[in-house]
Amino acid sequence: MRSTEANVDGLTEAQVKSVTHVNGPLLVLAGPGSGKTTVVTKRIANLVAQGVPPWNILALTFTNKAASEMRERVFAQIDPKTHGIRGLTVSTFHSFCARTLRTWGERIIGTRSFTIYGTSDQKSAVKTAIRACDLNDSNWKPASVLSIISGAKNQLIDAEAFAAEANDFHSKTIAKIYRSYELILRSNDAVDFDDLLLCTAQLLGRDEEVRNELQQRYQYLLIDEYQDTNRTQFVIANYIASKHRNICVVGDPDQSIYAWRGADISNILDFEKQYEDAVIVPLGRNFRSTGYIVETAAKLIAHNKFRKDKRLYTDLEKGNKPVIVTLPNEHEEADTILREVKRLHNEGTPYKEMAVLYRVNALSRVLEDAFRNEGVPYLVARGTAFYDRREVKDAVSYLRLLVNPKDDVAFRRIINAPARGIGKTSLLRLEQLASSRGLNMLGAAAFATKDLGFTARAAKALHTFHQMMARWRIDADSTQSLTAAASLADLVERMVRESGLEHSLNRIGTEEDLERLQNLEELISAASDFEEKSEDESASPLQLLFEFLEHVALVSDSDAIDPRIGAVTLMTLHAAKGLEYDFVAIAGLEDGLLPHIRALFDDTQMEEERRLCFVGITRARKHLHISSTLRRTQRGMTERAMPSRFLCEMSGPHTIQESVVDTWNTQVAPELTLSKNGSEITLGTVVRHKRFGVGKVQRVLRRERGSTVTVDFPSGTKHLVLEYANLEIVTPDF
DNA sequence: CCTCTCGCATTTTTT
DNA sequence: ATGCGAGAGG
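An account of the accompanying structure is given in this report. Worth saying up front: this structure is predicted, and the values here are computed from it rather than measured.

**Describing the sheet that holds strand β15 (residues 581–586)**
Moving on, step 1. Sheet architecture is open: seven strands sit in the order β13-β14-β12-β15-β16-β11-β19, paired in parallel fashion. The open sheet terminates on both sides in strands that have one partner only, identified here as β13 (378–380) and β19 (656–659). Geometrically, the sheet is characterised by an average inter-axis angle of 20° between neighbouring strands, direction not taken into account.
Moving on, step 2. As paired elements, β15 and strand β16 (residues 620–629) share five bridges and run parallel to each other. Paired with Ile586 across the two strands is Ile626, which belongs to β16.

Take a look at the structure:
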């Protein structure tokens, strides 16, 4: 039997409505856990079932992770016998734009084989730009200039538009740097992250042919996490969708957590104004979290003033009450989380169904230590960490220069790594030579001579370097050369060796060098993996290298999350967007941390912090553990911490507060004592245990059932459940 | 021109 | 605490 409808069994009315919607604009307001992914994937499947060719469908997400998950789930929905999904595009905004520019880049940036600059490349380029404007980079901080430029690009303001709007000295200067920065990027055949979007938007705006082609190709557009789109992304989406108007956006204003990066919440709030005939489907029912968790989340988010009130509810059982616990310091906090993790694991929750979330990456270290000490498998979601390593960046820069000789940023990075005797002076000379001849720096290297003021040694080193790059290029390119690289991994390996990177690390042989060497090895195997996964069998090593570099440029932290691995995931609250776990712990609920210190005095930012916390809470299916500390050591300094205001806002009869005595602080809050057979066990009480002997109470944890005490016995510190421990109070005899 | 050391900022979140 | 950049010595 041939079905013409998607399988909608078990869906709610609202879900069915979004799944079966075919033509015209659609806005799905999907609360947390409302089955958004199911709806989205079933809708795509339904479109295909209704006869929409898959290649007419474009689905855009924010992370690679979300894209691959969507792809997989769509695939699972579609009956392979009747319909395939060949040609279906599911992609992140950034990689979709990258691909668009790989096709039509010549029309807007003059090339299709550009390099994508990441944060550190951007910084380096901005620095050069600041210098080129005869400015001082201590007055004009690259990082802050960059964030202004980035903000502008996210609002579709290019250097010219920025200059036109600049009135005061400050913004006029920024405009100058912006211009110069753009010039550098273009002459390097490079684009930064924001350019991927900006240039694509401009291309679509200026080039009718491209616009028509994309409109024709992508007649059905779907955008996930729409609340996090910025102005530029909005414009791109609208260019594509304006003809057929089959645009479906899915999101939740309460989960908007990227305003700091230029996300414009009015995109989703004003969707119905933009598309007056839009069908709007609110999905409020939560299928993910148990009752108390939903209640906690709802209570918290209700404190946001600038928000349309909407009901969050679930029909699931009440479940476990979220636990809110305060601890003396971050180590105890980590221990407490670990204890909970182990307890749940013993009760049958697999590690991979657990996650620990925090506001800032810096918090991961203590947690990692605790996991390592306890031998509990964990995984820190930091996909970018590997590619941020110095040696890996160096190696990648070699590869980049190989595919793009104009990449001066890469050139600068590696010309003296490993040391070749090219210092500041030689570099300055080379810069002058390059600009006077209109060459890139690599090209200029070939012309360095003594006459031009180079030392013999420097000139020779520059020539050798130039020749080395030229040789690699031939080997990467040609198929008949005797020395030709057989594969991408081969190419990377040879480069690591011949560049001298490997040798320079082998020489000294410290522990750290060894680690760096291993990272280079890992890069080679990453290249090899990439090669294996590649679908294009016939691609040349150089072609593969191109793709590999793009992959490297666009990896994100959440890409490190591999659900097949049986490990607890540690990540930032931002990275947790879109994920769910049986058990979620959120650490560091302290004023200044969550909400972050930078948001404390700004209502708008404060609301975003609250949404961030909301996102964290709603990741949990069954168990939620929230903690704060009284003292926290950060950046080498121990400081007193205040419990987050969010704790009060979210707590109530639906939560359990556990308080813990500050072991360094002798004063004991009255509610922190436990009655036991008429006597009180409190901090400092001396107790006797029939097996462990006599010990002193260090800590008391109060909870509805199974209060625990921490006792220092001669044999070591033990955590005991009061009901079972059968402790006897020892009266000290004075 | 390289290497070592001291001083300083740095980190909120990410494609 | 750590990592990077500036400045001094080899």
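**A word on the pattern of salt bridges**
Moving on, step 1. Here the structure, examined in full by the defined rule, presents 48 salt bridges.
Moving on, step 2. For Arg516, the salt bridge identified is with Glu391, shortest N-O distance 2.6 Å. Linking Arg516 in helix α26 (residues 511–533) with Glu391 in helix α19 (residues 390–403), this pair joins segments that are 125 residues apart in sequence. One exposure class covers both Arg516 and Glu391, and it is buried.
Moving on, step 3. Asp475 is paired through a salt bridge with Arg494; the nearest N and O atoms lie 2.6 Å apart. With Asp475 in helix α23 (residues 456–477) and Arg494 in helix α24 (residues 488–498), the pair connects residues that are 19 residues apart, well separated along the chain.

**Quick word on the packing of aromatic side chains**
How two aromatic rings sit relative to each other is set out by the distance from centre to centre and by the angle between their planes.
Moving on, step 1. The tally for this structure, following the rule as stated, stands at 12 aromatic pairs.
Moving on, step 2. Ring centres of Phe62 and Phe93 lie 5.9 Å apart, and the angle between their planes is 55°; on these two criteria the pair is classed as tilted. Taken together, the residues Phe62 in the loop between β2 (57–61) and α3 (64–77) and Phe93 in helix α4 (residues 93–104) connect sequence positions 31 residues apart.
Moving on, step 3. When its relative accessible area of 17% is taken as the criterion, Phe62 is described as buried.
Moving on, step 4. The buried category is assigned to Phe93, whose relative accessible area is 1%.
Moving on, step 5. Relative to Tyr378, the ring of Phe371 lies with its centre 5.6 Å away and its plane at 40°, an arrangement referred to as tilted.
Moving on, step 6. Members of the aromatic cluster, joined through ring pairs, are Tyr398, Phe411, Phe465 and Trp472.
Moving on, step 7. Directly above the aromatic system of Tyr258 lies the positively charged group of Arg261, at a separation of 4.7 Å from the ring centroid.

Calculation notes
Residues numbered from 1 in each chain as written. Chains lettered and ligands numbered in written order. Predicted model: local features only at pLDDT ≥ 70, side-chain atom pairs only at ≥ 80, totals over all residues. Heavy atoms only, no water. Pairing = 2+ DSSP bridges. Helix = DSSP H or I, 4+ residues; strand = E, 2+ residues; numbered from the N terminus. Axes fitted to C-alpha atoms, helices over the stretch in contact; angles between N-to-C directions. Salt bridge = Lys/Arg side-chain N within 4 Å of Asp/Glu carboxyl O. Buried < 20%, exposed > 50% of the residue type's maximum accessible area, 1.4 Å probe, protein only. Phe/Tyr/Trp six-rings, centres within 6.5 Å; stacked < 30°, edge-to-face > 60°. Lys NZ or Arg CZ within 6 Å of the ring centre and 35° of its normal.

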